[in-house]
Every structure is written in structure tokens, then in C-alpha cells.
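Breakdown of the fold
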Amino acid sequence: MGLMYGLLLALVLGGPGIASAEPPARMTTLRDFHHTAWTQKDGAPSGIWAMAQTVDGWLWLGTASGLYRFDGVRFERHDLLPPDSTASRSISVLQATTNGDLWVAYSFGGASVRKASGEILQFFPGGLPQGSPVESFEEDGDGRPWAITPQGLYVFEQGAWSPGDLGWGLARIYWNALTRDRSGGLWVTGDGGTYVLRPGARRFERVETPGPTLWGMWLVHDGTFWKADDQGFSPLRGLGLPEPSGSAPVSPFQGATSQDTLFDRDGAMWLCGCVNAGICRDAKPSAVGKPFQRRVVTGDVFGARDGLSSDAAMTLLEDREGNIWVGSQLGLDRFRRNDVTAVRFPTHVNYFALIADRDGGMWTGSATRLKTLDKWWRLDAEPVLVPGIEGEITATALDTDGSLLLGGSEGFWRFNPGRIESLSRPEKEQEQRIQAIVRDAAGKLWVSFRASTVYRLDGDTWTPKGGIAALPDLPPARAVLDGQGRVWFGYSANQLAIMEGPRVRTFTEAHGLRTGTVTAILPGETTLVGGALGLAAFDGERFRPLQATRPEALTGITGLLETKDGTLWLNGHAGGVRIAAEDLRRALKDSAYPMPVELFDMNDGMPGGAQQVRPLPTLVEGGDGRLWFAAANGLGWIDPSHIQRNSVAPPVVIRSVATGDSTYASALTLHLPPRTRELRIAYSALALGMPERVVFRYRLHGVDDGWKDAGQRREATYTNLGPGPYRFQVMAANEDGVWNEQGATLAFEIEPTFFQTGAFIALCVLGALVALWLLYALRLWQVTRRLRMRLEERHAERERIARELHDTLLQGIQALVLNVHVVTSRLPAGEMRLGLQSALDRADDMLTEGRDRVSALRDTRQGQDDLAAAFASLMRDFDEREGPQLRMVVKGAARTLEPLVADELYRIGREAIGNAFVHSRAREVEVSLLFEPPELRLCVRDDGSGIDSATLDQGGRAGHWGLRGMRERAAKVGGRLEIVSREGAGTEIVVAVRADRAYLRHPLEGWRRLLRPWSGRR
């Protein structure tokens, strides 16, 4: 039996070695691309006849129902014709030009152009043939659009279309194709031959081409041309074309336009309308069959049964990111190059047991528990079935002699070149699946089984736990030998054991381990351990959990490896994960550092997340550097040296602004109505390859403190924005983290309501001031009223006192004097009678003075508002006596005075006049009353003997209270009293009271002052 197996293996392997480490040639087929289809159920239009990508990044679709644009997520209809136009919206041709314009040709004639500025121009016919459709557009090196119509060639110059044949050196015939080369030369082919218009020229040059008449010409990635004629597709040589340059772009401008034949940037040829399929592709075309047969040499086809939206594929386009787009009768398809290549087995294979031999060759078994499906495979350019092993394989190991140890529920084998050897198993574990296999530093073989403990093989004897009691009574999920000769066992229940000879150290959560079941161990200077819950680093004593920017990328880890450049790769629930070496080093120093991760999931061709439980490991590096991932739905590999990077920063656009039920198109400046409460800003990024991985950040100046990370969300919402101008900014990064730092900006302004305007605020301020002024006026009125009441009370009290004095004291003294007069008249003449008469005269004088005092108490003139009139009346009373001459002077317009101020000033003035009469021996007394804006001044001046300085310093003579009283009265009303006097030079007494204390203001006086300037303008 062994000899037979050896012969079979020799035939399969083709040589003495197990496998060659030479990397197999990668045969990329259409099924290796990531394919996505959109149909009407996804919002895509049907009947897509033409496609173009403008320089701003939008993908435009010309359909039987009109024009659409696509950002990778959402389809939008754009009608370039006027709303009242009855012209057909069916589109046959689209052309994106270098200046950002989009030319649209309609199936039943006429054309429109959407300028980069957004302006739309119509040509019906506008110089084009009436009712004749444009069949092809192209742009020459000087930026002039050209069009092929059934009536001939037309050129667009100076804002109009005109015939482009006779005046340009061409015959007026039908032309087949227009093509532009890298230098800007415009090539045209037809029954009249092949011609080229050089940049700057005004006439076409005829070019001789070998063979039959050309039907079409295509620019290839290397700068050369392919042709189509009656014999088929083939390269076109010998035309004096510029030398190709591998670094030159595929197209001389950023726009792209579709056609039914396409040469992509890898040199592959794509065709629509292939036999029994929608599209076909030739990865290395040299010559292809006749165009109308659309037959590809390799037979690499893709149709509706493979997932294409329809077998009726009509147009192809390669965008600036390298994605291939297919427009069909029923929808839109995208083919994107994958970084992960899925391995296709001829039969169903699942649960892969991966292992690399010592020469780097890759092998795998499977674990479906169906003998008809569980096979042993060599992974070459295509999987090769290796006979001799039947049954599932759940564990593998590379033995020290270079042989492969394979184990499953039905057997345990040693696999060598030309030989398969069956190995023994513990009697109790005959039908148990083998979980892990490892050989320790002493050469002893350890094997763990699904439902029991680990065994060590000593000779022919299997010893549970190798006789080491310290090992846990659990089956290890993973077993690994490190460079120091230690064996690491990973268990369920969040446990790990390190065995070094007979010594065992066990680690649990108490030692920082929080990975759940340990299913991946990567020994090294810092050992990494992965499991169901995460990734941890071991420092020799404790485990420290590591963090990632995407936490889900570090869960369900069943594969760990580090490449030669220090890059960490892992396989987990999310798929394959790449962590750069510098980020790993930083995380090992600072476990709080979130490591940026690069994810390879189903969007990259990975057939699902990592398989769990067994077989382990699920990530193995081959000798050619490729990384093999065992996923839940298949086997895939990545070549780390050929990972595709998208270096194109995604253009960012702001789609619309919505407030409530109203939606506004984006504009440079947008004015929103008052009472705008909720604002929703929709934005997008034109990354057409992987829009699901585009991330955004945005900010609203004046509202957001900094940039907000929006993740993949494509809408920003704001509430309770006040009126005023705002500026919204948004930027995006593509799937490879390339940011468009410029992004897109939208300026908008929310109009204020009347209650939010400055005028309303000014009115509120004015109203508040008026209210305060009214409150002040009310308070002033209250104070004035209180003063008047107090003054009236004073007057009433003085009248009462005067009345009491008059009715009691003065009447009694008068009666006494009369009695004394009677008694005196009866006395005989003599000294006694003369003495009594003299006393009676004195009593009469006193009685007269008392009456004067009582009269003064009852006199109301001192409370009069007209202080000048009060003084004039007082001076008339003094004029009846013998004394100085009195003179009254009034300056300024008389003002109504505060009652208390008027009363006190009157008393001060009366006291001053009285003093001048009695004490100064003056010849003239002048009373001046000055009504000035800043203050009220009362001045009493005489030319008498004056007051000596000692009396002034003492504030008056002893026992006399006139000067002190005047000072007290002046202070009572907040006034200032000044006395200027010198002996023999007269006396001047001045009282000054501020205007706000002296003058009585009317409540409406402020308004009167404001209105006074306008009253003269009536």
C-alpha cells in the first residue's frame, strides 16, 4: 500500500521534493474581481447605453430614460433639457472633456453640454444635422470636441458646431471611429482611410495602415493602438506613434468615456456582447477574433448566471481608480481588483487545515467529516488533489525531520515525499478529533484531543498530561513551541500555561489575561496571544491587552504571524488584519495606544471571517511570501508585496441642505428662511471603488469646536441654530486613508425673524430705557409729592403755632399791656409814671415784633415756586422801614423750583437781607437770583461794614445763630454757601444749588427736550 501511495505521490508532485517554493503564476480571471451589481431594485436605471466620468469625479450614466449620476451609493437623475421640452431624453453618447464639461448626445438627434460651472447649453440642431444622432464624441489636443454623425464629421468651435471635413482636409463621408493618442493627436478612421490631426494643426494628415479598412482604434495602457477590422482585433503598428511610457497615464486627461471595447491599465482587453455571456476579458491579448463574434481566446466570460445584471451588456468604462464599469440593459455592474485571491477547488472544501512545508510549499486538508469531500491538497497555481489520505484533517504540524504531521478524527499520519505513514493514537481517543500537535524541546510529541486532556507520546505509550499534574485538566486549543524550548498551551476559559521541562506556569485573568479561549499564540521577544475577546502582549510576568482603532478587528483571532519586515498579520472575526510594524512597536510600549489597522474582508475578496475552533492556525505564510487565510467560507491568499493602494483622494461634494420639508440644492451661498430650526446637510465622496469604507469628518464654524468624526455617515444634523452666517466644511478619506484635505465648503445664512433683528433689539433696549426713565420719573414724582406733603405739614404746623401764639400769648400780652396802660394813666405824674410808660413803649415794640414773627410763620410766600417774586415782596416790606436801598436782579429764564429748595433759599435770603438791615449799616443791598443750566445761584451783596474774620472763622457771634442757620439750610438742600466779607468792604453771601437738586422737572420734560429740535421743522 505504501509503495502505491509513493508512486501516486511521485506522479502528482512531479519530483522528489514535497513542493516548490516558487510562487505560482497568478491567473486573474473575472471571478477574482470583486463584482457588484445594481439593478432597478437598488435604484439603478435600466438601459445604460453610455457612461462617462467627469473631472470632478461623478460617474454619469446615459440611459434610455435620461441622464443619471452616481457617487457609488446613490443614483440621481439629471435632466439637462428644459422642463417643457418634448424632445426625447434617450441618450446614446456621453463625453467628458478636459475642462470638466459633459457632452450628451440624444438618440434621436441633438445634444446638450453641462459646463463645469453648471451652465447648460442646448444644440437642437445648433449646427448639428437635423434629426441625426451623434454616434461618437472625442476631443482633440487643442480642446475642441469632435462628433461623428451619419452625415459626416463635425467640430465645435467658437460656441457652435460646424462640418469638420472639407475645410479640414477630409472627404465628406461616414467615419467609423475617433481616437486620441497620448500626445493629443486626434485619429479618425473610415472608408476614406485613416487620418490624424496633430495638436496645433488645422488639417488632417493621411496615414497609411496595412490591411483592410479599420472599424475602430483604441488607445492601450502602454500608449500603443489596437485596431479592429474584418479580420478581428490586433495591435496597430508602424504609424509613427509616440514611444509608450509605462509611467504615462492611460488617458491624457482625468475624464473617462465608455465604449464597448476597453483596454484596462493592466493591459487586459474587455468586450461587451460575448458569446453566451455579457462580457469577456483577455488578460494578455495578442489577437482576438472578429469584432462581431466577440470571442475571447482565454474564454474568460462573465454573464447573468455569474451575477451580472444582464447578459445584454452594452458599454464599458474604467474610472480613475481602476474600477471597470459595465452598463447593461438591466442595470450597472462594477468590477474591482481584489487584494485577496480566493482559491477555487474543483469540489466543495471547507474548514482548512493549513501548513507550510520546510521548503515553503503550501498544503491543506479539510474537516467536513465527509470522506468524499475531505481530501489532502497541494496548493499550487491551482489546488492539486493528493491521493492517499481520506478523512478529515483537524490539526497539522511540521515535524523536526521536515515531515508533516496530520491528524483528524479518523487517523493520525506522517506525510513524507512518496510516503504516508499511519501513527498510533491513545485507545481512549480513537474517534476524537485532534485539536493540536507539537513536539517539545526534548523531542517528545504532544497531542491534544477535542474532549480530553493533552497526551505525550513516550515510545509507544501515550501519557495523559505527560505525567505533569500542574497542567490544567482541559484540552488545549492551541499548542506552540517557542525559541527558548518552552511549550505554550492555550485553553478555553481564559487560561494559558507555559511548560518548561517539568515546570508549569499557569496564567488567568488575575495575570491580566482577557482573551477568552486562547486560539492563537505568536512567540517572540514579546509573545502575543489572541483569542475570542482580543489580543494581549506578555512581558514575562503579566499580560497587557492591546487596543485598535477598530476594536472588532481584534476579536475571534485564530491566526497570528509576523512577517520579516515586522508587520503583524492576524485572522479574526472581521477578516484579515494588517498592523504596521511601527504601530505595533508603539503599542508594545504604550498599551493604551490604539493601533491603526488595515482590514481585508469580503469587500477585498476574503471569503468571510476566520474559521473558529479548528483546524488551527488559520493564517500561514508560504515560502513565496504569500499569506494564506482559512476563512469561514473558503480559502484565500494575499501577496503583501502587491497590495493595491488607492492614491486618489476622493472628491467631496455637498449634495443638498434640508430644513423641515424643504430641500435646497447646494450653492456657493445659501439663504435659508427665518425660523430654521433643524438643518440636515447631505454630503458625499466620489470614491467609486469602495464607498462603504470612505470616512468623513466635518465642522460648522461658529458651532463646532473642532472637526467631528462622522465615520461612514453621509449627513450632518444641527438643531437650534440662531440667525446669521455659517460655513460648513467636510472632508473625506478613501479606503486606504488618503484624505482630501480641501474637501467641500458650503456657506449659508439663516435669515432672522423680526424679533431676531438688530432693529428689534434696539427697540427693546429703547423700550427698556423708556421704562427705566418712567420708573425714574415715577420715583421722582413720588419723592416730590412726599416733599410737598412734608412742606404742607410744616406750613400747617407753623400756622397752628402762629395761631396759638396769636390767640394766647400775643392776646394775653396785649391785654396785659392794656391793663398796665390803664393803671399807668391813674398814676400821678412823676418818675414812676414815666418809667412805666417807657416800659409800655418797649412792650409795644416787643408786641409788634411778636406780631411780625407770627405773621412770618403764617406767610406762605416762602413756599412759592416763583422765588424771584417772593424776594420782591420781601424787599417791599423792608422798603417801608428806614435802612439801605434794596435792588433785585434776576438773570436767566425763571424755572420752577423744588419746594424745599425754594423755601430754604428764601429763608437764607431773608436772613441775609435782615442782617444787612440790622447789622451792616449798608447804604445799598443787592439781591441776585441766577437761573443757570448747571446750578441755581442766590447772591445777597451789601456795601456795609462787613463781618470780622474772627466771627467768620467761628461761624457767627456767640449766642447768634444766623450764619450757622444759613449754612445748615444750604447743606440741607445739597447746596454750597460761601461768605466773602472784609471789615469796611461789605459782605457777599452766595448760595449755589445744582440744577438736578434745585429745578423741578416735569415727567415729560425729557420727551419735550427730544422733540424740541423737531418742533421747529413743522
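These remarks concern the structure in this document. The residue numbers shown here count from 1 along each chain, following its written sequence. Reporting in this predicted model follows two pLDDT cut-offs: at least 70 for local features of residues, and 80 or more for side-chain atom pairs to be given and counted; totals over whole chains, interfaces and linings ignore these cut-offs and use all residues. The basis for every side-chain value is the complete set of non-hydrogen atoms in the structure, without hydrogens or water.

So, about the nonpolar core. A general trend in soluble globular proteins is that nonpolar side chains are found buried together. Nine residue types can take part in a nonpolar core, namely buried Ala, Val, Leu, Ile, Met, Phe, Trp, Tyr and Cys, and a core is a set of them joined through side-chain atoms within 4.5 Å. A 1.4 Å probe rolled over the protein chains alone gives each residue an accessible area, and that area as a share of the maximum for its type sets the label: buried under 20%, exposed over 50%, partly exposed in between. If you look at the biggest cluster of nonpolar residues, it comprises 42 residues, and the most contacted ones within it are F871, L905, I913, L936 and V991. Tallying contributions element by element places helix α6 (residues 899–918) first for this core, with ten residues. Runs of H or I in DSSP of at least four residues are treated as helices and runs of E of at least two as strands, each being numbered from the N terminus.

Another point: a nonpolar patch on the surface. Like charges within 9 Å and nonpolar side chains (Val, Leu, Ile, Met, Phe, Trp, Tyr) within 5 Å are joined into patches, using only residues over 30% in relative accessible area that form no salt bridge. Working definition of accessibility: Shrake-Rupley area with a 1.4 Å probe, residue cover restricted to the visible protein chains. Just to be clear on terms, a salt bridge is a Lys or Arg side-chain nitrogen sitting within 4 Å of an Asp or Glu carboxyl oxygen. A cluster of nonpolar side chains, contributed by F754, F755, I761, L763, V765, L766, L769, L772, L775, L778 and W781, occupies part of the molecular surface with about 1,100 Å² of accessible area. Mapped onto the secondary structure, L763 falls in helix α3 (residues 758–826).

Running from N to C, α6 and helix α8 (residues 962–972) point in directions that differ by 160°, and their axes come no closer than 9 Å. For the element pair α6 / α8, the angle class is roughly antiparallel. When the axes of α6 and α8 are compared, the crossing they make is left-handed. For the pair α6 and α8, the contacting residues are L900, E904, R907, I908, E911, A912 and N915 in the first and G962, M966, R969, A970 and K972 in the second. For the contact of α6 with α8, a count of residues per class yields five nonpolar, two polar and five charged. Every angle, taken between N-to-C directions, lies between 0 and 180 degrees, and every axis is a line fitted to C-alpha atoms, over only the stretch in contact when it is a helix. Note on angle classes: values under 35 degrees are labelled roughly parallel, values over 145 roughly antiparallel, values of 65 to 115 roughly perpendicular, and the remainder oblique. Crossing handedness follows the turn of the near helix against the far one: under a right angle anticlockwise gives a left-handed crossing, and clockwise gives a right-handed one. Working rule for contacts: check all heavy atoms of both residues, and any pair within 4.5 Å makes them a contact. Note that Gly is not counted as nonpolar here; it falls among the polar residues with everything else outside the nonpolar set of Ala, Val, Leu, Ile, Met, Phe, Trp, Tyr, Cys and Pro and the charged set of Asp, Glu, Lys and Arg.

Turning next to helix α2 (residues 581–589). For α2, every residue scored as buried is listed here: A581, D583, L584 and A587. Burial along α2 is one-sided: seen end-on, the buried residues are contained in an arc of 160°. Exposed and facing more than 90 degrees away from the buried side of α2 are E582 and K589. Looking at the buried side of α2, the elements it contacts are β47 (527–531), β49 (543–545), β52 (568–572), β53 (575–579) and β54 (594–595). Each C-beta atom gives one direction from the helix axis, and the arc is the one those directions make.

Two strands form a pair only when DSSP identifies at least two bridges running between them. The strand order across the open sheet built from four strands is β1-β28-β27-β26, with neighbouring strands paired in antiparallel fashion. Either end of the sheet is taken by a strand with one partner, and the two such strands are β1 (33–39) and β26 (313–318). This sheet shows a mean twist of 20° between the axes of neighbouring strands, independent of strand direction. In this structure, β1 lies alongside strand β28 (residues 331–337), joined through seven bridges in antiparallel fashion. Looking at β28, one finds that H35 is bridged to F335.

Within the open sheet, the five strands sit side by side as β68-β69-β70-β72-β71. Their pairing is mixed. What marks the edges here is a single partner per strand, and that holds for β68 (885–891) and β71 (976–981). Averaged over all pairs of adjacent strands, the angle between their axes in this sheet comes to 10°, without regard to strand direction. Relative to strand β72 (residues 987–994), β71 runs antiparallel, the two being bridged by six bridges.

In this tally, Lys and Arg are treated as positive and Asp and Glu as negative; His is ignored, and so are the chain termini. Where a charge lies is defined by one atom per residue type, namely NZ (Lys), CZ (Arg), CG (Asp) and CD (Glu). Judged by side-chain charge, R779, R785, R786 and R790 come together as a positively charged surface patch. For R790, the location among the structural elements is in helix α3.

Turning to the packing of aromatic side chains, a few remarks are in order. Here is the rule: rings of Phe, Tyr and Trp (six-membered ring for Trp) pair when centre to centre is within 6.5 Å. Planes less than 30 degrees apart are stacked, more than 60 are edge-to-face, and the remainder are tilted. According to the stated counting rule, one finds 43 aromatic pairs in the structure shown. Both rings, one in W38 and one in F70, keep their centres 5.1 Å apart while their planes meet at 75°; by these two values the pair is edge-to-face. Of this pair, W38 sits in strand β1 while F70 sits in strand β4 (residues 66–70), placing them 32 residues apart in sequence. Residue classification places W38 among the buried positions, given a relative accessible area of 10%. Residue F70 is classed as buried on the basis of its relative accessible area, which comes to 0%. With centroids separated by 4.6 Å and ring planes inclined at 35°, the aromatic side chains of F538 and F543 adopt a geometry described as tilted. Exposure remark for F543: the relative accessible area of 2% places this residue in the buried category.

For the rest of this paragraph, the subject is the side chain of Q495. You can see Q495 is positioned in strand β44 (residues 495–500). For Q495, the contacting residues outside a window of four places in its chain are P472, L474, F489, G490, T506, F507, T508, L513 and V518.

This paragraph deals with the pairing of strand β19 (residues 225–229). By the criterion of burial, β19 is predominantly enclosed, with five of the five residues buried. The alternating pattern of β19 places F225, K227 and D229 on one face and W226 and A228 on the opposite face, and all of these are buried. Bridge analysis of strand β18 (residues 216–219) against β19 gives four bridges, and the strand direction is antiparallel. Within β19, the residue paired with M217 across the bridge is K227. Where β19 and strand β20 (residues 232–236) come together, five bridges link them in antiparallel fashion. Within the sheet, the bridge partner assigned to D229 lies in β20 and is G232. As consecutive antiparallel partners, β19 and β20 are separated by two residues.

It is worth spelling out α6 at this point. Any helix carries an expected span of 1.5 Å times its number of residues minus one. Between the first and last C-alpha of α6 there are 28 Å, a value that for 20 residues agrees with the 28 Å anticipated at 1.5 Å per step. Across the 20 residues that make up α6, a large majority, 15, are buried.

Let us now look at the state of the cysteines. Any pair of cysteine sulfurs within 2.5 Å is marked as a disulfide. Tallied over the entire structure, the rule returns one disulfide. Note on cysteine connectivity: C274 is disulfide-linked to C280, with sulfurs 1.7 Å apart. Linking C274 and C280, the disulfide has an S-S dihedral of approximately -65° and is accordingly described as left-handed.

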